[in-house]
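Working through the structure, step by step
In case you want the letters, here they are:
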Amino acid sequence: MPHFPEGFIWGTSTSSFQIEGAWDKGGKGPSIWDAFCRIPGRVHQGDTGEIACDHYHRYPEDIARMAEMGLKHYRFSISWPRIQPDGKGKPNPEGIRFYSELIDRLLAHGITPWVTLYHWDLPLALQMEDDGWLNPDIATYFRRYAEICFEAFGDRVKHWITLNEPWVVAILGYGQGTFAPGRISNREPYVVGHHLLRAHAEAVDCYRTQFQARQGGRIGITNNADWREPLTDSAEDKAAAERALEFFLGWFADPVYRGDYPAVMRERLGERLPTFSEAEKVKLTGSSDFFGLNHYTTSYAAQAQPGDDLYAGIYGNGGLSEDQAVKLSADPTWEKTSMGWTIVPWGCRKLLQWIDARYGRPEIIITENGCAFDDVVEDGAVHDQRRIDFARGYISACHEAIAAGVNLSGYFLWSFMDNFEWASGYSKRFGLHHVDFATGTRTPKDSAHWYARVIRENGW
Ligand code: PNW
């Protein structure tokens with residue numbers, strides 16, 4: 001049985017909007033996702049986050065279940081509008097108290113909290129009054145919000161993640177318009193990406209100058225990336241795959257590890273890609289204590305040919321494919337999850353090796369990996385063998401990457417329980433626990449029992 005290095009971190013992940021509910025309780029202000037859900041047609045069957053898993057009220061039960069699994073690490077996010085209802089100004093004491101009690105209870109059960117500051121639920125007022133991530137001033141607001149969190153929770157939280165998946169915020173929120181705030185543009189994503197990076201750098205600077213020495217924690221950013229496999233051995237297709245990875249992950253990781261955007265983005269985007277000042281480059285360079293990675297799927301990449309419809313039969317999400325001149329496709333033999341995402345474990349190994357080489361062997365932590373499948377509840381059990389097979393495949397790929405020299409130190413499964421899957425509402429289930437959204441009842445799936453054993457044995 002393959003084992004992982006001593007001290008390898010095994011965890012599960014969630015996010016505030018997807019599980020908490022209590023959308024207008026405890027002094028919380030509305031977020032852009034509360035608003036987006038109420039626009040007809042944006043979210044599957046008009047689902048909302050009003051109740052979600054009701055984790056806001058049921059967190060003691062959820063933490064008890066975590067402890068039952070033997071979970072030692074749990075990643076969750078803080079809802080900015082619970083802390084600052086309109087995104088600015090004084091902290092809301094009830095919001096502070098909620099997360100403080102959550103953290104205390106996790107620690108009392110021997111579970112280490114990994115806290116994401118921003119997992120997409122922007123205070124609505126910042127969107128309506130300040131244009132959200134399009135406004136350069138948001139870096140200052142985010143720094144202030146982060147400071148409140150470090151101040152309130154940093155005595156107990158030692159693992160911080162500034163932003164979850166800025167690529168999704170920029171591309172799905174401002175490029176394709178399928179996520180809040182629902183804007184469609186081929187210019188705004190690059191502006192938004194720029195201010196997300198500046199905001200990240202400000203939060204890290206705040207932590208490092210005001211808190212890190214005293215509190216002794218670590219802080220980083222989490223990016224998402226699929227793997228891009230060249231469709232053929234041609235030089236053109238290899239270059240296309242490399243370019244696709246640079247537009248996907250290099251966009252957000254190069255500034256953090258190398259101080260600026262990939263050259264290929266500058267060449268192809270010209271003035272649509274903003275530029276960093278020298279001071280910003282200094283703040284960004286080295287601004288992550290670990291390389292947070294969310295990874296779900298793989299596709300082939302080929303050089304786009306004139307007349308190609310880059311979005312025809314689109315497989316997955318390539319971002320703005322025309323900007324990259326990349327045509328994506330999937331091998332018909334690859335199995336897919338209920339999201340339509342291909343299951344290709346070796347893509348995970350190759351991506352880890354690509355990151356390892358490009359960024360100089362950083363410490364990598366997979367902060368999300370997982371899959372959606374439909375559940376059948378029979379006699380109080382969910383026999384989700386496909387989820388077990390998926391996780392076994394990807395965890396094996398992680399093991400191979402480590403054997404090949406990659407400095408991977410942790411793996412978090414998405415997700416601890418079924419939850420609000422954004423534009424798909426409650427129709428997609430990623431959880432290790434089945435949630436009946438009518439009653440809130442949680443049922444551990446077979447995958448939860450399987451993962452508990454992986455954690456216990458540090459391997460499988
Ligand atoms: C991530 N894409 O979202 C998020 O961090 C989670 O909140 C989410 O539930 C999970 O993955 C599953 O979707 C993504 O289109 C959403 O490439 C979309 C994409 C990637 C990640």
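Scroll up for the structure.
Before going into details, it helps to say that this report is about the structure given with it. (Residues numbered from 1 in each chain as written. Predicted model: local features only at pLDDT ≥ 70, side-chain atom pairs only at ≥ 80, totals over all residues. Heavy atoms only, no water.)

What follows covers the sheet that holds strand β9 (residues 326–329). Ordered in space as β6-β8-β9, the three strands form an open sheet in which the pairing is mixed. The open sheet has two edge strands, β6 (227–230) and β9, and neither has a second partner. Each neighbouring strand pair of the sheet contributes to a mean axis angle of 40°, computed without reference to strand direction. Helix α15 (residues 345–358) rests against β6 and β8 (298–303) of the sheet, and its axis sits at about 100° to β6. (Pairing = 2+ DSSP bridges. Helix = DSSP H or I, 4+ residues; strand = E, 2+ residues; numbered from the N terminus. Axes fitted to C-alpha atoms, helices over the stretch in contact; angles between N-to-C directions. Contact = heavy atoms within 4.5 Å.)

This brings us to the pattern of salt bridges. Side-chain pairing between opposite charges can occur once the charged atoms of the two side chains come close. According to the stated counting rule, one finds 35 salt bridges in the structure shown. Measuring nitrogen to oxygen at the nearest pair gives 2.8 Å for the salt bridge that ties Arg-442 to Asp-62. On the criterion of sequence distance, the pair formed by Arg-442 in strand β15 (residues 442–444) and Asp-62 in helix α3 (residues 55–69) is long-range, its members being 380 residues apart. We classify Asp-62 as buried; its relative accessible area is 0%. (Salt bridge = Lys/Arg side-chain N within 4 Å of Asp/Glu carboxyl O. Buried < 20%, exposed > 50% of the residue type's maximum accessible area, 1.4 Å probe, protein only.)

Surveying the vicinity of the ligand reveals 18 residues, the closest of which are Gln-18, His-119, Asn-317, Glu-368 and Glu-421. Within the side chain of Tyr-296, one N or O atom sits 3.2 Å away from an oxygen atom of the ligand. In the model, an oxygen atom of the ligand is placed 3.2 Å from a nitrogen or oxygen of the Trp-414 side chain. Relative to its unbound accessible area of 450 Å², the ligand is 96% covered by the protein chains. Examining the composition of the shell around the ligand, we find that three residues originate from one element, helix α8 (residues 166–174), more than from any other. (Near = heavy atom within 4 Å. Polar contact = N/O pair within 3.5 Å; in protein donor to acceptor, adjacent residues only side chain to side chain. Areas by Shrake-Rupley, 256 points an atom, 1.4 Å probe, with all protein chains shown as cover.)

Cis rather than trans, the peptide bond between Ala-180 and Pro-181 has omega equal to 5°. Among the secondary structure elements, Pro-181 is positioned in the loop between α8 and α9 (188–210). The omega torsion of the bond from Trp-414 to Ser-415 falls at 15°, within 30 degrees of zero and hence cis. Residue position: Ser-415 is located in the loop between β13 (408–414) and β14 (433–435). Phi at Trp-120 is positive, roughly 85°, even though this residue is not glycine. Here Trp-120 is to be found in the loop between β3 (112–118) and α6 (124–130). Of the residues examined, Trp-120 reaches a relative accessible area of 6% and is grouped as buried. Positive phi, normally seen in glycine, also occurs at Arg-361, with a value near 50°. As for its position among the elements, Arg-361 is in the loop between α15 and β10 (364–368). Classification of Arg-361 as partly exposed rests on a relative accessible area of 48%.

Moving on to the packing of α8 against helix α11 (residues 235–258). For the pair α8 and α11, interaxial distance at closest approach is 10 Å and the crossing angle is 125°. By the criterion of interaxial angle, the relationship of α8 to α11 is oblique. α8 and α11 meet at a crossing whose hand is right-handed. Facing α8, whose interface residues are Pro-166, Trp-167, Ala-170 and Ile-171, α11 presents Phe-247, Phe-248, Trp-251 and Phe-252. Counted by class, the contact of α8 with α11 contains eight nonpolar, no polar and no charged residues. (Parallel < 35°, antiparallel > 145°, perpendicular 65-115°, else oblique. Left-handed = near helix turned anticlockwise from the far one by under 90°. Nonpolar A, V, L, I, M, F, W, Y, C, P; charged D, E, K, R; others polar.)

Turning to the nonpolar core, a few remarks are in order. The tendency in soluble globular proteins is for nonpolar side chains to be buried as a group. Trp-33, Trp-133 and Tyr-451 are the most contacted members of the largest nonpolar core, which has 136 residues in total. Ranked by residue count, the leading element in this core is α9, at eleven residues. (Core = buried A, V, L, I, M, F, W, Y, C linked by side-chain atoms within 4.5 Å.)

Each aromatic ring pair is characterised by the separation of its centres together with the angle its planes make. Going through the model one piece at a time under the given rule, you end up with 51 aromatic pairs. On the numbers, 4.5 Å between centres and 35° between planes, the contact of Tyr-56 with Phe-98 is tilted. Taken together, the residues Tyr-56 in helix α3 and Phe-98 in helix α5 (residues 93–108) connect sequence positions 42 residues apart. Ring plane angle 45° and centroid distance 5.3 Å describe the contact between Tyr-257 and Tyr-359, whose orientation is recorded as tilted. (Phe/Tyr/Trp six-rings, centres within 6.5 Å; stacked < 30°, edge-to-face > 60°.)

A few words now on the sheet that holds β10. The strand order around the closed barrel built from eight strands is β1-β2-β3-β4-β5-β7-β10-β13, with neighbouring strands paired in parallel fashion. Going across the sheet, the axis of each strand differs from the next one's by a mean of 25°, ignoring polarity. Both strand β1 (residues 9–13) and β13 contribute to a ladder of five bridges, which runs parallel. In the strand pairing of β13, Gly-11 is matched with Phe-412.

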